[in-house]
Amino acid sequence: MKKTPVFLDSLVTDMLRLRAICPFSWRVFQFRPISCEPLIIQMNKCTDEEQIFDFIERNKAILSEKQVGCAFDMLWKLQKQKTSLLKNVEDVRDHPQFLTLHNLATNKFKLMNDDTLVNVLHITQQFAGESHDPLVEALVTEAWRRLERFDIKLLSEFSSCLADQHLYFSPLMGKIADIVHRNLETTQDLSSLSVLMVNISSLISRHFQQQLVNKTELLFDTTDSSEVNVATRITRFLRNIKYCYQPLLEKCNNVFLSNVDQLDLDSISKILRLYKFLQFNSFEFIMMAKKKLTEMIPLCNHPASFVKLFVTLGPIAGPEEKKQLKSTLLLMSEDLTGEQALAVLRAMEDMESRNSHLIKRVTSVLHKHLDSYKPLELLKITQALTFLHFQRKEFSAKLRELLLSYLKISFIPTEVSFLVYAISLLPSPHLDEVGISRIEAVLPQCDLNNLSSFATSVLRWIQCDHMYLDSITGKQLKLLQKLDHYGRQRLQHSNSLDLLWEELKYVRGNTFPESLLEETIATLQHFVDEINYINVVEIASFISNTDYLSTLLLDRIASVAVQQIEKIHPFTILAIILPFSTLNYDPPQRDEFFGTCVQHLNSYLGILDPLMLVYLGFSLATLQYFPEDLLKSIFNIEFLSRLDSQLEILSSSLSARVQFHLMELNRSICLECPEFQIPWFHDRFCQQYNKDFECILDKRKKPLPYGSHNTALGQLPEMPWEPNTEIVGSRLPPGAERIALEFLDSKSFCRNIPHMKGKFAMKKRHLEILGYRVIQISQFEWNSMALSTKDARMDYLRERIFGEVKS
């Protein structure tokens, strides 16, 4: 036998010492048994789980950590190759040799290289039956120790393992976020970065969110970012941070449109849900999705797949497709699970479908599973059934009982707020003392969104609950006072617009109690200098919903738009203009403001969403601003054809609103800008206006009988098109005049001052163009003490209509 050279003995001794000192470095030298490679080759030839388990049983004594990792990898690859119906995860997990493999990994994980370690962690989690698998815990701990040396790809894979365990808020995920932040500038792998962005989104600052958005936008332009999965993850990230960033969403949308063949039912469903949450509209994507999903109707014959198709296609389907979807679902309705029934009900709400047979079938399934639904699901059921006008005493009573039982044990402010809101939607919505005390208990922890929700519910109780007027309403009024107190407290403690906006983001301004809204506007005015191109769209949208005229805030919005227009996405211009239109307000730099906004849009008119363009044209017309290029891009056959296609996929109520605004816009242009020579596309509508009362007076202020002047009360003669021609109605006797009387309720005015809102001012303007003398009477004046008697009101009307003053 040959003697081993001394230098080899020395080398082995040194390496053993090195391994004892630094066990992780040992993998670099790759000293393994001679049979290592053949064993992996043998394993790779296995075609099913039994062959792999036989291999493990024969070789368990000599398997290295690399081979253990390979065995896990092979088992998971075989699972991924199977359809969902054929997967047998439980059978694999319960096999005796899987336990052997599990134990081998437990003994050898410290020797695994980084890639194998994370891969084994991922696969173990997929097979794990216990909620706390000791091997998973050991692998996570070991990965934490090595975290700083992981590259971005491995870091993203490890973060997904943590996300699978719902560890979004863990210190370990925070450490990963810190590593991403430190290495963001040098990161070039958009695919891995997009995974990390989704997983760390719950615990990063707004500033870091913006850095990630900027980096993603840069990488989109400089690398190959055509993967559908990458674009989907980026859209998910924007959803998670509640940021509808148009430039990035458009890039993602273009990826989806360019890879239509890769989109299946699951991916289309996911993308449409993300778009709905972000309120991002893509007419092209919806039309593509509609076409592709319609082709799937005959192919989906299993309840699970058909329900997903119904939920995804239903809200965007045309009349024939909707009819087909409903008839097929009726046949499957008895086989629906509780989860599927809820999904169908919410889709019917989106579709505005009040098909009584289908509602009856779905609610019978819901009733059967009602005890198993969680509080948020009960809210969704209540909202949908309220919208669909479904009323059944037995169902409502059971629903109310469940909501109250959850309310009595709930202590989370958001959960309490939506339970209370759900109860307020039901018949007899009053709460007993236990319910009111539960609200009072969580008030100190509530944010402005919760407080607004409570206020809406309490006001609904006060309006509906007449039976308990004496005993309950007093307590509800006290509750409103407490809501107001805590709301003011939160507003007064706000120290930045960013923090304030986190609470206001989902508050609908029209649901705020009057005093709380006033305090909110005052707080926003305090931070007026912090309004910039990043938050100006959101602030403008909030003000539009409040009906509260703050000239300070609107002037700031106009100033930001003029000065920073290049940083504002063109598709958000409508949101910026809307509060000015709604509240009928012209900023000091009116022409510059509107001109800058329209100029910024001009190059996008051909691709702008048809719906948005109609609303934009109408909003500008309300403000008496008529950009000719924009308006002519609306009133042409090509655009109206695109609009008709879009109207088919909208809900009936939204479609009706869009058509109404289009007709109003048509009338406004024809009356105020006849020189544009845009024809009456909606002739009968455009030449008529609803009025509360109208009459004709002769030159002596005496009423004329209708007779031959009847046409003057509704229709106009043919409209002339010569520029600067005054539009007049049918002929009247010399000196006679038409009178139009309008009674204006509180909705006609701004919420804080008696300033008429835009569309009511426009109506007055149009009636005057049509030849009427318009008399507008506000409810504030009509219901005042001065007009508290019938005689006083008659005298008032005589004075306003006939000019008679009582002596």
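Since this is a predicted model, take the numbers as computed values, not measurements.

Visitor: Just checking my understanding: could you explain the overall build of the chain for this structure?
Guide: Along the backbone of the chain there are 40 helices and three strands. Relative to its 807 residues, the chain shows a buried fraction of 51%. In the chain, once contacts between residues fewer than 6 apart in sequence are set aside, the share between residues at least 24 apart is 73%. Summed over all atoms, the accessible surface of the chain reaches about 40,300 Å², with 53% contributed by carbon and sulfur.

Visitor: What should I look at first to understand the environment of H367 in this one?
Guide: Its place among the elements puts H367 in helix 20 (residues 356–369). The sequence separation of H367 and E394 amounts to 27 residues, and the corresponding C-alpha distance is 9.4 Å. With residues up to four places along the chain from it excluded, the contact list for H367 reads R392, E394, F395 and K398.

Visitor: What is the right way to read the confidence of the model for the chain from this model?
Guide: As a general rule, the predicted coordinates of low-pLDDT regions are not to be interpreted in detail. Averaged over all residues, the pLDDT of the chain equals 86, while 89% of them reach at least 70. Taken element by element, the predicted model of the chain shows its lowest mean pLDDT in helix 1 (residues 6–21) (42) and its highest in helix 30 (residues 551–563) (97). In this model residues 1–36 is a low-confidence stretch, pLDDT under 50, and it forms 22 contacts with partners more than four residues away in sequence or in other chains. Low confidence marks residues 708–729, where pLDDT is under 50. Its contacts with residues over four positions away, or in another chain, come to 44 contacts.

Visitor: Which parts of the structure should I look at to understand helix 18 (residues 319–332)?
Guide: Quick reminder: α-helices carry 3.6 residues per turn. Residues three or four places apart thus point the same way. The end-to-end C-alpha distance of helix 18, which contains 14 residues, comes to 20 Å, matching closely the 20 Å that a straight helix rising 1.5 Å per residue would cover. By the burial criterion, the buried members of helix 18 are E321, K322, L325, K326, L329 and M332. Taken down its axis, helix 18 places every buried residue within 130° of arc, on the same side. Residues of helix 18 that are exposed and point over 90 degrees away from its buried face: P319, E320, K323 and L331. On the buried face of helix 18, the contacting elements are helix 16 (283–294), helix 17 (303–313), helix 19 (338–351) and helix 20.

Visitor: Just checking my understanding: could you explain the packing of aromatic side chains for this structure?
Guide: Aromatic ring pairs are reported here in terms of the distance separating the ring centres and the angle at which the planes meet. If you walk through the whole model with that rule in mind, you get 19 aromatic pairs. Taking the centre distance of 5.4 Å and the plane angle of 50° together, the rings of F594 and Y625 count as tilted. Of this pair, F594 sits in helix 32 (residues 590–601) while Y625 sits in the loop between helix 33 (610–622) and helix 34 (628–634), and the two are 31 residues apart along the sequence. A single burial state applies to F594 and to Y625, both of which are buried. Pairwise contacts between aromatic rings join F580, Y585, F593, F594 and Y625 into one cluster. When the ring centre of F387 is taken as origin, the NZ or CZ atom of R354, which lies over that ring, is 4.9 Å away.

Visitor: Would you mind going over the sheet that holds strand 3 (residues 772–778) with me for this structure?
Guide: Working definition: the strands of a sheet are paired by backbone hydrogen bonds and lie parallel or antiparallel to each other. Reading across from one edge, 1-2-3 is the order of the three strands in this open sheet, with mixed pairing throughout. At either margin of the open sheet sits one strand with a lone partner, and together these are strand 1 (693–697) and strand 3. Across the sheet, the axes of successive neighbouring strands diverge by a mean angle of 20°, strand direction being ignored. Bridge count for strand 2 (residues 737–744) against strand 3 is seven bridges, and the pairing is parallel. Counted as the bridge partner of R738 is Y772 from strand 3. Sheet strands in contact with helix 38 (residues 758–769) are strand 2 and strand 3, and its direction is about 155° off that of strand 3.

Visitor: Got a minute to help me understand the pattern of salt bridges in this structure?
Guide: Should the charged atoms of two oppositely charged side chains come close, the side chains can pair. Summed over all chains, the structure comprises 36 salt bridges. R145 is the salt-bridge partner of E142, the closest N and O atoms lying 3.1 Å from each other. Pair noted here: E142 and R145 are both in helix 8 (residues 134–146), with a separation of three residues, about one helical turn. Taken together, the salt bridges that share partners define one network made up of D114, E142, R145, R146 and R149.

Visitor: What am I meant to see in unusual backbone geometry here?
Guide: Across residues other than glycine, the phi torsion is negative in most instances, and most of the peptide bonds are trans. Not every positive phi belongs to a glycine, and Q279 is a case in point at roughly 55°. For Q279, the position within the fold is in the loop between helix 15 (265–278) and helix 16.

Visitor: Can you walk me through a negative patch on the surface in this structure?
Guide: A contiguous patch of negative charge, built from D48, E50, D54 and E57, is present on the exposed surface. On the secondary structure map, E50 appears in helix 3 (residues 49–59). Judged by relative accessible area, E50 falls into the partly exposed class, the value being 44%.

Visitor: Can you walk me through the side chain of Q646 in this structure?
Guide: Locating Q646 in the fold gives a position in helix 35 (residues 637–649). Within the structure, Q646 has its side chain in polar contact with the side chain of D609 (distance 3.1 Å). Once residues within four sequence positions are removed from consideration, Q646 is found in contact with F283, D609, P610 and L611.

Visitor: How should the nonpolar core be read in this particular structure?
Guide: In globular proteins that are soluble, nonpolar side chains generally tend to be buried together. With 227 residues, the main nonpolar core has F158, I176, L212, L238, F310 and I381 as its most contacted residues. Of the residues forming this core, the biggest block, eight residues, is contributed by helix 4 (residues 65–80). If sequence neighbours within four positions are ignored, I176 has contacts with L147, L155, F158, S159, L162, L196 and I200. Judged by nonpolar contacts, the second largest core, of twelve residues, contains I739, I775, I777 and L787.

Visitor: Help me understand the pairing of strand 2 in this model?
Guide: Moving residue by residue along a regular strand, the side chains alternate between the two faces of the sheet. With seven of eight residues buried, strand 2 lies mostly within the body of the structure. Regarding the hand of the β-α-β motif, the stretch spanning strand 2, helix 38 and strand 3 is right-handed.

Visitor: I tried to follow helix 33 on my own but got confused; where do I start?
Guide: Its 13 residues give helix 33 an end-to-end C-alpha distance of 19 Å, which sits within 8% of 18 Å, the value for a rise of 1.5 Å per residue. The element helix 33 is largely enclosed, with a buried count of twelve among its 13 residues. Of the positions making up helix 33, those classed as buried are P610, L611, M612, L613, V614, L616, G617, F618, S619, L620, A621 and T622.

Visitor: Sorry if this is basic, but what is going on with the side chain of S396 here?
Guide: Among the secondary structure elements, S396 is positioned in helix 22 (residues 393–409). Excluding residues that lie within four positions of it along the chain, S396 makes contacts with L426 and P427.

Visitor: Even after reading the chapter, I still don't get the environment of Q564, so can you show me in this structure?
Guide: Position of Q564 among the secondary structure elements: in the loop between helix 30 and helix 31 (573–583). C-alpha of Q564 to C-alpha of Y533: the two residues are 31 residues apart in sequence and 6.3 Å apart in space. Not counting residues up to four positions away in its chain, the partners in contact with Q564 are N532 and Y533.

Reading the values: the criteria
Residues numbered from 1 in each chain as written. Predicted model: local features only at pLDDT ≥ 70, side-chain atom pairs only at ≥ 80, totals over all residues. Heavy atoms only, no water. Helix = DSSP H or I, 4+ residues; strand = E, 2+ residues; numbered from the N terminus. Buried < 20%, exposed > 50% of the residue type's maximum accessible area, 1.4 Å probe, protein only. Contact = heavy atoms within 4.5 Å. Areas by Shrake-Rupley, 256 points an atom, 1.4 Å probe, with all protein chains shown as cover. pLDDT = per-residue confidence, 0-100. Expected span 1.5 Å × (residues − 1). Arc of directions from axis to C-beta. Phe/Tyr/Trp six-rings, centres within 6.5 Å; stacked < 30°, edge-to-face > 60°. Lys NZ or Arg CZ within 6 Å of the ring centre and 35° of its normal. Pairing = 2+ DSSP bridges. Axes fitted to C-alpha atoms, helices over the stretch in contact; angles between N-to-C directions. Salt bridge = Lys/Arg side-chain N within 4 Å of Asp/Glu carboxyl O. Patch = residues over 30% accessible without salt bridge, like charges linked within 9 Å, V, L, I, M, F, W, Y side chains within 5 Å. Lys, Arg positive; Asp, Glu negative; His and termini not counted. Charge placed at Lys NZ, Arg CZ, Asp CG, Glu CD. Polar contact = N/O pair within 3.5 Å; in protein donor to acceptor, adjacent residues only side chain to side chain. Core = buried A, V, L, I, M, F, W, Y, C linked by side-chain atoms within 4.5 Å. Right-handed = clockwise from strand over helix to strand, strands pointing away.

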